[in-house]
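Next come the chains, spelled out residue by residue.
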Amino acid sequence: MADNQPAVEAHGLVKRFEDTTAVAGVDLRVGPGRVHGMVGPNGAGKTTLLTMLMGLVRPDAGTIRILGQQDRSLDGVAGFVEAPRFYPYLSGRRNLALLADLDGGGARARIDASLEVVGLSDSAGARVGGYSVGMRQRLGIAAALLRDPRLLILDEPASGLDPAGMRDMRALIARLAEDGVTVLLSSHDMDEVEDLCDDVTIMRAGQVVFDGTMDELRDKAPDPAFRLATSDDERALALAGPGVEVRAEGDGLLVHAQREQLDAYVIALGRDGVAVRRLDLESSALKALFFRLTESDAEERGVPTKEGP
Ligand SMILES: Nc1ncnc2c1ncn2[C@@H]1O[C@H](COP(=O)(O)OP(=O)(O)OP(=O)(O)O)[C@@H](O)[C@H]1O
(Lines give C-alpha, C1' and ligand atoms only; values in the text may rest on other atoms or scores of the structure.)
Protein backbone atom coordinates (compact mmCIF):
# COMPACT_ATOMS: atom_id res chain seq x y z
CA MET A 1 0.00 0.00 0.00
CA ALA A 2 1.34 3.41 -0.91
CA ASP A 3 2.01 5.50 2.17
CA ASN A 4 -0.77 7.98 1.60
CA GLN A 5 -3.33 5.52 0.28
CA PRO A 6 -6.59 5.57 2.27
CA ALA A 7 -7.21 2.52 4.43
CA VAL A 8 -10.91 2.76 3.59
CA GLU A 9 -12.49 4.51 0.64
CA ALA A 10 -16.22 4.03 0.23
CA HIS A 11 -18.60 5.86 -2.07
CA GLY A 12 -22.37 5.93 -2.24
CA LEU A 13 -22.94 2.99 0.10
CA VAL A 14 -26.55 1.94 0.50
CA LYS A 15 -28.02 -0.94 2.51
CA ARG A 16 -31.72 -1.64 2.89
CA PHE A 17 -33.42 -4.18 5.13
CA GLU A 18 -37.01 -4.63 3.95
CA ASP A 19 -38.55 -1.22 4.62
CA THR A 20 -35.58 0.20 6.57
CA THR A 21 -32.75 1.99 4.79
CA ALA A 22 -29.98 1.39 7.33
CA VAL A 23 -27.29 3.14 5.27
CA ALA A 24 -28.56 5.73 2.81
CA GLY A 25 -25.71 6.85 0.57
CA VAL A 26 -22.56 7.13 2.65
CA ASP A 27 -19.10 8.22 1.54
CA LEU A 28 -16.26 7.43 3.90
CA ARG A 29 -12.52 7.92 3.76
CA VAL A 30 -10.24 6.66 6.50
CA GLY A 31 -6.70 7.95 6.17
CA PRO A 32 -3.73 5.63 6.74
CA GLY A 33 -2.48 5.48 10.31
CA ARG A 34 -5.48 7.42 11.64
CA VAL A 35 -7.86 6.54 14.44
CA HIS A 36 -11.26 7.24 12.97
CA GLY A 37 -14.40 7.30 15.10
CA MET A 38 -17.91 6.71 13.89
CA VAL A 39 -20.57 8.02 16.26
CA GLY A 40 -24.32 8.27 16.14
CA PRO A 41 -27.39 7.36 18.14
CA ASN A 42 -28.88 3.85 18.16
CA GLY A 43 -29.99 2.79 14.73
CA ALA A 44 -27.90 5.41 12.89
CA GLY A 45 -26.38 2.69 10.70
CA LYS A 46 -22.89 2.38 12.20
CA THR A 47 -22.88 -1.39 12.59
CA THR A 48 -24.37 -1.94 9.14
CA LEU A 49 -21.68 0.27 7.62
CA LEU A 50 -18.89 -1.58 9.44
CA THR A 51 -20.26 -5.01 8.43
CA MET A 52 -20.22 -3.88 4.81
CA LEU A 53 -16.63 -2.67 5.13
CA MET A 54 -15.66 -6.03 6.63
CA GLY A 55 -17.25 -7.85 3.72
CA LEU A 56 -19.86 -9.54 5.92
CA VAL A 57 -22.82 -7.88 4.24
CA ARG A 58 -23.13 -6.93 0.58
CA PRO A 59 -24.11 -3.30 -0.10
CA ASP A 60 -27.16 -2.65 -2.30
CA ALA A 61 -25.20 0.13 -3.98
CA GLY A 62 -21.82 1.81 -3.77
CA THR A 63 -18.16 0.91 -3.94
CA ILE A 64 -15.65 -0.05 -1.26
CA ARG A 65 -11.88 -0.03 -1.43
CA ILE A 66 -10.04 -1.43 1.58
CA LEU A 67 -6.27 -0.87 1.72
CA GLY A 68 -6.43 -0.04 -1.97
CA GLN A 69 -8.15 -3.31 -2.93
CA GLN A 70 -11.60 -3.57 -4.41
CA ASP A 71 -11.64 -7.36 -4.61
CA ARG A 72 -12.76 -7.90 -1.00
CA SER A 73 -9.85 -10.21 -0.21
CA LEU A 74 -9.64 -8.32 3.09
CA ASP A 75 -5.98 -9.08 3.46
CA GLY A 76 -4.61 -6.93 6.27
CA VAL A 77 -8.05 -6.24 7.78
CA ALA A 78 -9.40 -7.60 11.05
CA GLY A 79 -11.78 -6.67 13.82
CA PHE A 80 -15.22 -7.42 15.15
CA VAL A 81 -18.76 -6.24 14.70
CA GLU A 82 -21.23 -6.64 17.52
CA ALA A 83 -19.48 -8.35 20.45
CA PRO A 84 -16.67 -10.83 19.75
CA ARG A 85 -17.79 -14.43 20.29
CA PHE A 86 -15.76 -17.31 21.72
CA TYR A 87 -16.29 -20.86 23.01
CA PRO A 88 -16.90 -20.26 26.73
CA TYR A 89 -15.73 -23.72 27.81
CA LEU A 90 -12.33 -23.33 26.11
CA SER A 91 -9.45 -21.20 27.31
CA GLY A 92 -8.58 -17.87 25.73
CA ARG A 93 -5.47 -19.41 24.22
CA ARG A 94 -7.37 -22.41 22.80
CA ASN A 95 -9.95 -20.09 21.25
CA LEU A 96 -7.16 -18.13 19.59
CA ALA A 97 -5.51 -21.37 18.41
CA LEU A 98 -8.75 -22.42 16.68
CA LEU A 99 -9.03 -19.04 14.99
CA ALA A 100 -5.35 -19.12 14.03
CA ASP A 101 -5.89 -22.48 12.32
CA LEU A 102 -8.71 -20.92 10.30
CA ASP A 103 -6.64 -17.87 9.44
CA GLY A 104 -3.55 -19.86 8.51
CA GLY A 105 -0.40 -17.99 7.50
CA GLY A 106 1.67 -16.92 10.47
CA ALA A 107 -1.34 -16.57 12.79
CA ARG A 108 -0.34 -19.40 15.16
CA ALA A 109 3.05 -17.84 15.73
CA ARG A 110 1.37 -14.59 16.74
CA ILE A 111 -0.83 -16.04 19.54
CA ASP A 112 1.54 -15.26 22.43
CA ALA A 113 2.36 -11.78 21.18
CA SER A 114 -1.33 -10.97 20.66
CA LEU A 115 -2.20 -12.12 24.19
CA GLU A 116 0.66 -10.03 25.51
CA VAL A 117 -0.43 -6.87 23.67
CA VAL A 118 -3.95 -7.05 25.14
CA GLY A 119 -2.70 -7.94 28.63
CA LEU A 120 -4.16 -11.45 28.77
CA SER A 121 -0.99 -13.56 28.96
CA ASP A 122 -1.68 -14.49 32.58
CA SER A 123 -5.32 -15.45 32.01
CA ALA A 124 -4.82 -17.18 28.67
CA GLY A 125 -5.20 -20.64 30.22
CA ALA A 126 -8.52 -19.85 31.93
CA ARG A 127 -11.91 -20.65 30.39
CA VAL A 128 -13.40 -17.71 28.49
CA GLY A 129 -16.71 -18.36 30.29
CA GLY A 130 -15.09 -16.92 33.40
CA TYR A 131 -13.74 -13.80 31.66
CA SER A 132 -15.12 -10.34 32.41
CA VAL A 133 -16.70 -8.34 29.59
CA GLY A 134 -13.51 -6.31 29.32
CA MET A 135 -11.35 -9.44 29.05
CA ARG A 136 -13.61 -10.80 26.32
CA GLN A 137 -13.40 -7.54 24.38
CA ARG A 138 -9.61 -7.63 24.71
CA LEU A 139 -9.56 -11.25 23.56
CA GLY A 140 -11.55 -10.04 20.55
CA ILE A 141 -8.76 -7.62 19.76
CA ALA A 142 -6.15 -10.35 20.30
CA ALA A 143 -8.07 -12.50 17.79
CA ALA A 144 -7.96 -9.63 15.32
CA LEU A 145 -4.22 -9.16 15.90
CA LEU A 146 -3.56 -12.78 14.84
CA ARG A 147 -4.05 -11.52 11.30
CA ASP A 148 -1.37 -8.85 11.77
CA PRO A 149 -3.81 -6.27 10.44
CA ARG A 150 -2.99 -2.87 8.99
CA LEU A 151 -6.64 -1.91 9.48
CA LEU A 152 -8.62 -2.76 12.61
CA ILE A 153 -12.40 -2.34 12.47
CA LEU A 154 -13.97 -2.35 15.94
CA ASP A 155 -17.69 -2.05 16.63
CA GLU A 156 -18.13 -0.40 20.03
CA PRO A 157 -14.98 -1.85 21.58
CA ALA A 158 -15.72 -0.19 24.93
CA SER A 159 -19.34 -1.30 25.07
CA GLY A 160 -20.33 -2.80 28.42
CA LEU A 161 -16.99 -2.04 30.06
CA ASP A 162 -16.63 -0.53 33.52
CA PRO A 163 -14.50 2.65 33.82
CA ALA A 164 -11.27 0.70 34.41
CA GLY A 165 -12.02 -1.62 31.47
CA MET A 166 -12.74 1.42 29.31
CA ARG A 167 -9.47 3.04 30.29
CA ASP A 168 -7.55 -0.15 29.44
CA MET A 169 -9.34 -0.46 26.11
CA ARG A 170 -8.58 3.15 25.19
CA ALA A 171 -4.93 2.69 26.13
CA LEU A 172 -4.74 -0.49 24.06
CA ILE A 173 -6.24 1.18 20.99
CA ALA A 174 -3.91 4.16 21.39
CA ARG A 175 -0.93 1.78 21.57
CA LEU A 176 -1.98 -0.09 18.45
CA ALA A 177 -2.40 3.22 16.61
CA GLU A 178 1.08 4.28 17.72
CA ASP A 179 2.38 1.06 16.19
CA GLY A 180 0.92 2.21 12.87
CA VAL A 181 -2.36 0.27 12.74
CA THR A 182 -5.24 2.26 11.24
CA VAL A 183 -8.27 1.96 13.50
CA LEU A 184 -11.91 2.52 12.56
CA LEU A 185 -14.18 2.23 15.57
CA SER A 186 -17.79 2.94 16.36
CA SER A 187 -18.98 4.39 19.61
CA HIS A 188 -21.95 5.96 21.38
CA ASP A 189 -19.64 8.03 23.47
CA MET A 190 -18.42 11.39 22.23
CA ASP A 191 -15.93 11.62 25.12
CA GLU A 192 -14.35 8.36 24.07
CA VAL A 193 -14.13 9.48 20.45
CA GLU A 194 -12.66 12.82 21.50
CA ASP A 195 -10.11 11.05 23.66
CA LEU A 196 -9.02 8.53 21.05
CA CYS A 197 -9.74 9.69 17.55
CA ASP A 198 -8.05 11.95 15.00
CA ASP A 199 -11.06 11.97 12.71
CA VAL A 200 -14.77 11.53 13.23
CA THR A 201 -17.82 10.69 11.17
CA ILE A 202 -21.16 11.45 12.79
CA MET A 203 -24.11 9.48 11.44
CA ARG A 204 -27.81 10.00 11.77
CA ALA A 205 -30.53 7.93 10.12
CA GLY A 206 -28.15 6.22 7.71
CA GLN A 207 -26.47 9.42 6.60
CA VAL A 208 -23.30 11.31 7.42
CA VAL A 209 -24.04 14.61 9.18
CA PHE A 210 -20.42 15.48 9.95
CA ASP A 211 -17.14 14.19 8.62
CA GLY A 212 -13.81 15.74 9.45
CA THR A 213 -10.98 15.98 11.94
CA MET A 214 -11.61 16.31 15.67
CA ASP A 215 -10.22 19.86 15.43
CA GLU A 216 -12.70 20.76 12.69
CA LEU A 217 -15.49 19.40 14.86
CA ARG A 218 -14.29 21.43 17.87
CA ASP A 219 -14.28 24.59 15.71
CA LYS A 220 -17.96 24.03 14.92
CA ALA A 221 -18.96 23.35 18.48
CA PRO A 222 -21.10 25.87 20.34
CA ASP A 223 -20.05 27.35 23.68
CA PRO A 224 -20.20 24.80 26.48
CA ALA A 225 -23.05 25.13 29.00
CA PHE A 226 -22.57 25.48 32.77
CA ARG A 227 -25.03 25.32 35.66
CA LEU A 228 -24.54 28.18 38.08
CA ALA A 229 -25.99 28.87 41.50
CA THR A 230 -25.22 32.15 43.25
CA SER A 231 -26.19 34.10 46.34
CA ASP A 232 -28.09 36.58 44.12
CA ASP A 233 -29.19 35.14 40.76
CA GLU A 234 -30.99 38.32 39.70
CA ARG A 235 -27.84 40.38 40.12
CA ALA A 236 -25.83 37.63 38.37
CA LEU A 237 -28.21 37.79 35.39
CA ALA A 238 -27.68 41.54 35.15
CA LEU A 239 -23.90 41.17 35.22
CA ALA A 240 -23.69 38.96 32.09
CA GLY A 241 -21.07 40.56 29.86
CA PRO A 242 -19.88 40.06 26.28
CA GLY A 243 -19.53 36.42 25.22
CA VAL A 244 -21.56 35.24 28.22
CA GLU A 245 -25.17 34.21 27.78
CA VAL A 246 -27.02 33.68 31.06
CA ARG A 247 -30.60 32.63 31.60
CA ALA A 248 -32.63 31.43 34.54
CA GLU A 249 -33.41 27.73 34.38
CA GLY A 250 -34.88 25.54 37.08
CA ASP A 251 -33.71 26.77 40.46
CA GLY A 252 -30.49 28.27 39.10
CA LEU A 253 -28.83 29.77 36.03
CA LEU A 254 -27.61 28.29 32.79
CA VAL A 255 -24.52 29.95 31.35
CA HIS A 256 -23.18 29.54 27.81
CA ALA A 257 -19.63 30.80 27.47
CA GLN A 258 -16.09 29.90 26.53
CA ARG A 259 -13.86 29.29 29.52
CA GLU A 260 -12.00 32.62 29.40
CA GLN A 261 -15.27 34.59 29.30
CA LEU A 262 -16.66 32.39 32.06
CA ASP A 263 -13.61 33.15 34.23
CA ALA A 264 -14.06 36.88 33.68
CA TYR A 265 -17.75 36.58 34.54
CA VAL A 266 -17.11 34.67 37.78
CA ILE A 267 -14.50 37.26 38.82
CA ALA A 268 -16.99 40.04 38.03
CA LEU A 269 -19.61 38.33 40.20
CA GLY A 270 -17.18 38.15 43.11
CA ARG A 271 -16.19 41.79 42.71
CA ASP A 272 -19.83 42.73 42.84
CA GLY A 273 -20.39 40.79 46.05
CA VAL A 274 -22.26 37.88 44.41
CA ALA A 275 -21.02 34.55 45.77
CA VAL A 276 -20.77 31.52 43.46
CA ARG A 277 -22.24 28.52 45.27
CA ARG A 278 -22.11 26.00 42.48
CA LEU A 279 -20.63 25.88 39.00
CA ASP A 280 -20.82 22.63 37.02
CA LEU A 281 -20.21 21.74 33.40
CA GLU A 282 -23.65 20.88 32.05
CA SER A 283 -22.68 19.82 28.56
CA SER A 284 -19.32 19.84 26.82
CA ALA A 285 -19.10 21.70 23.55
CA LEU A 286 -18.75 18.49 21.57
CA LYS A 287 -21.67 16.80 23.25
CA ALA A 288 -23.80 19.86 22.62
CA LEU A 289 -22.86 19.74 18.94
CA PHE A 290 -23.45 15.99 18.77
CA PHE A 291 -26.96 16.42 20.16
CA ARG A 292 -27.67 19.30 17.81
CA LEU A 293 -26.61 17.19 14.82
CA THR A 294 -28.34 13.99 15.81
CA GLU A 295 -31.14 14.61 18.28
CA SER A 296 -33.92 15.79 15.99
CA ASP A 297 -33.62 12.45 14.27
CA ALA A 298 -33.79 10.50 17.51
CA GLU A 299 -36.92 12.38 18.52
CA GLU A 300 -38.60 11.92 15.17
CA ARG A 301 -37.96 8.21 15.14
CA GLY A 302 -38.56 7.55 18.79
CA VAL A 303 -35.01 6.26 19.18
CA PRO A 304 -33.93 6.21 22.83
CA THR A 305 -31.11 8.67 23.41
CA LYS A 306 -30.16 7.77 26.95
CA GLU A 307 -27.16 5.78 25.73
CA GLY A 308 -25.95 8.76 23.72
CA PRO A 309 -22.92 10.72 24.89
N1 LIG B 1 -30.39 -7.55 9.77
C2 LIG B 1 -31.26 -6.54 9.85
N3 LIG B 1 -32.55 -6.70 9.50
C4 LIG B 1 -33.44 -5.68 9.56
N5 LIG B 1 -33.12 -4.43 9.97
C6 LIG B 1 -31.85 -4.20 10.34
C7 LIG B 1 -30.86 -5.24 10.30
N8 LIG B 1 -29.68 -4.71 10.71
C9 LIG B 1 -29.94 -3.41 11.01
N10 LIG B 1 -31.22 -3.11 10.78
C11 LIG B 1 -31.84 -1.77 10.96
O12 LIG B 1 -31.03 -0.82 10.32
C13 LIG B 1 -30.92 0.38 11.09
C14 LIG B 1 -29.46 0.67 11.40
O15 LIG B 1 -28.99 -0.32 12.34
P16 LIG B 1 -27.48 -0.40 12.82
O17 LIG B 1 -27.40 -1.55 13.74
O18 LIG B 1 -26.58 -0.37 11.64
O19 LIG B 1 -27.33 0.97 13.61
P20 LIG B 1 -26.24 1.38 14.69
O21 LIG B 1 -25.92 2.80 14.43
O22 LIG B 1 -25.13 0.41 14.68
O23 LIG B 1 -27.07 1.26 16.03
P24 LIG B 1 -26.60 0.78 17.49
O25 LIG B 1 -25.82 1.92 18.02
O26 LIG B 1 -27.90 0.59 18.19
O27 LIG B 1 -25.81 -0.47 17.32
C28 LIG B 1 -31.79 0.15 12.31
O29 LIG B 1 -33.05 0.71 12.08
C30 LIG B 1 -31.88 -1.35 12.42
O31 LIG B 1 -33.08 -1.74 13.04
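Residues numbered from 1 in each chain as written. Predicted model: local features only at pLDDT ≥ 70, side-chain atom pairs only at ≥ 80, totals over all residues.

1. Brief notes about the nonpolar core
Among soluble globular proteins, nonpolar side chains are generally buried collectively. By size, the foremost hydrophobic cluster in this structure holds 69 residues, and its most contacted members are Leu53, Ala142, Leu152, Ile153 and Val183. Looking at this core, the element that brings in the most residues is helix 4 (residues 133-145), giving seven residues. Not counting the four nearest positions on each side in its chain, leucine 152 is found in contact with Ala78, Gly79, Ala144, Leu176, Val181 and Val183. (Core = buried A, V, L, I, M, F, W, Y, C linked by C-beta atoms within 7 Å. Buried ≥ 20, exposed ≤ 12 C-beta atoms within 10 Å, placed from the backbone. Helix = DSSP H or I, 4+ residues; strand = E, 2+ residues; numbered from the N terminus. Contact = placed C-beta atoms within 7 Å.)

2. A look at the site of the ligand
Taken together, the residues surrounding the ligand are Phe17, Thr20, Ala22, Gly40, Asn42, Gly43, Ala44, Gly45, Lys46, Thr47 and Thr48. Secondary-structure elements contributing two or more residues to the shell around the ligand are strand 2 (20-30) and helix 1 (46-53). By residue number, the principal contributor to the shell around the ligand is helix 1, which donates three residues. In terms of residue class, the shell around the ligand is made up of three nonpolar, seven polar and one charged. (Near = placed C-beta within 6 Å. Nonpolar A, V, L, I, M, F, W, Y, C, P; charged D, E, K, R; others polar.)

3. Side note on the sheet that holds strand 4 (residues 61-66)
With antiparallel pairing, three strands are arranged side by side in an open sheet as 2-1-4. The open sheet has two free edges, formed respectively by strand 2 and strand 4, since each of these has just one partner strand. Across the sheet, the mean angle from the axis of one strand to that of its neighbour is 20°, orientation sign disregarded. Bridge count for strand 1 (residues 8-17) against strand 2 is eight bridges, and the pairing is antiparallel. Bridge assignment links arginine 16 to a residue of strand 2, and that residue is threonine 21. Along the sheet, helix 1 makes contact with strand 1, strand 2 and strand 4, crossing strand 1 at roughly 120°. (Pairing = 2+ DSSP bridges. Axes fitted to C-alpha atoms, helices over the stretch in contact; angles between N-to-C directions.)

4. A word on helix 4
The end-to-end C-alpha distance of helix 4, which contains 13 residues, comes to 19 Å, matching closely the 18 Å that a straight helix rising 1.5 Å per residue would cover. The buried fraction of helix 4 is high, at 11 of 13 residues. Check the buried side of helix 4 and you find it contacts strand 5 (77-80), helix 2 (92-103), helix 3 (111-117), strand 6 (151-155) and helix 5 (163-178). (Expected span 1.5 Å × (residues − 1).)

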